[in-house]
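# Breakdown of the fold
Chain by chain, the residues run as shown.
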Amino acid sequence: MNRRTTLLIAAEALAWWCALAALWLVLISTVDTLELVVGASAAGVAALAATAARRVVSAR
């Protein structure tokens, strides 16, 4: 894996994280520190899973 590929993967994961974190913020009723931490963590895990899944599917 070269530097360009690594940057593209990181950019894709960041884009997924932004979209999923924004969705979380739209869906919760009250925004407090705990909700932000949980939402950011859940979005991070889901972003990594989405990036990995897309790479597996496109590698076929």
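Owing to the predicted nature of the structure, the values given are computational and were not obtained by experimental measurement.

An ideal rise of 1.5 Å per residue puts 38 Å on 26 residues; helix α2 (residues 33–58) measures up with 37 Å between its terminal C-alpha atoms. Within α2, the full set of buried residues consists of G39, A43, A47, A50 and T51. At its buried positions, α2 is contacted by α1 (3–27).

So, about the UniProt feature "transmembrane region" (unreviewed entry) in the protein chain. Those residues carrying the UniProt feature "transmembrane region" (unreviewed entry) are residues 7–30 and 36–57 in this numbering. Along residues 7–30, the helical share is 88% and the strand share 0%, with 35 Å between the first and last C-alpha atoms. When the span residues 36–57 is considered, its composition is 100% helix and 0% strand, and the gap between its end C-alpha atoms is 31 Å.

Moving on to a nonpolar patch on the surface. The grouping of L23, V26 and L27 at the surface amounts to a nonpolar patch, some 340 Å² of accessible area in total. Secondary-structure assignment places L23 in helix α1. The exposure class of L23 is partly exposed, given its relative accessible area of 46%.

We now examine α1. Think of an α-helix as turning once every 3.6 residues; residues three or four places apart then point the same way. The end-to-end C-alpha separation of α1 is 36 Å, in line with the 36 Å expected for 25 residues at 1.5 Å each. What α1 keeps buried is the set I9, E12, A13 and A21. Contact partners of the buried residues in α1: α2. The N-cap residue of α1 is N2: its side-chain oxygen and the backbone nitrogen of R4 are 3.4 Å apart.

What counts, and at which threshold
Residues numbered from 1 in each chain as written. Predicted model: local features only at pLDDT ≥ 70, side-chain atom pairs only at ≥ 80, totals over all residues. Heavy atoms only, no water. Helix = DSSP H or I, 4+ residues; strand = E, 2+ residues; numbered from the N terminus. Expected span 1.5 Å × (residues − 1). Buried < 20%, exposed > 50% of the residue type's maximum accessible area, 1.4 Å probe, protein only. Contact = heavy atoms within 4.5 Å. UniProt positions renumbered as here; feature names shortened; annotations may be inferred. Patch = residues over 30% accessible without salt bridge, like charges linked within 9 Å, V, L, I, M, F, W, Y side chains within 5 Å. Areas by Shrake-Rupley, 256 points an atom, 1.4 Å probe, with all protein chains shown as cover. Salt bridge = Lys/Arg side-chain N within 4 Å of Asp/Glu carboxyl O. Polar contact = N/O pair within 3.5 Å; in protein donor to acceptor, adjacent residues only side chain to side chain.

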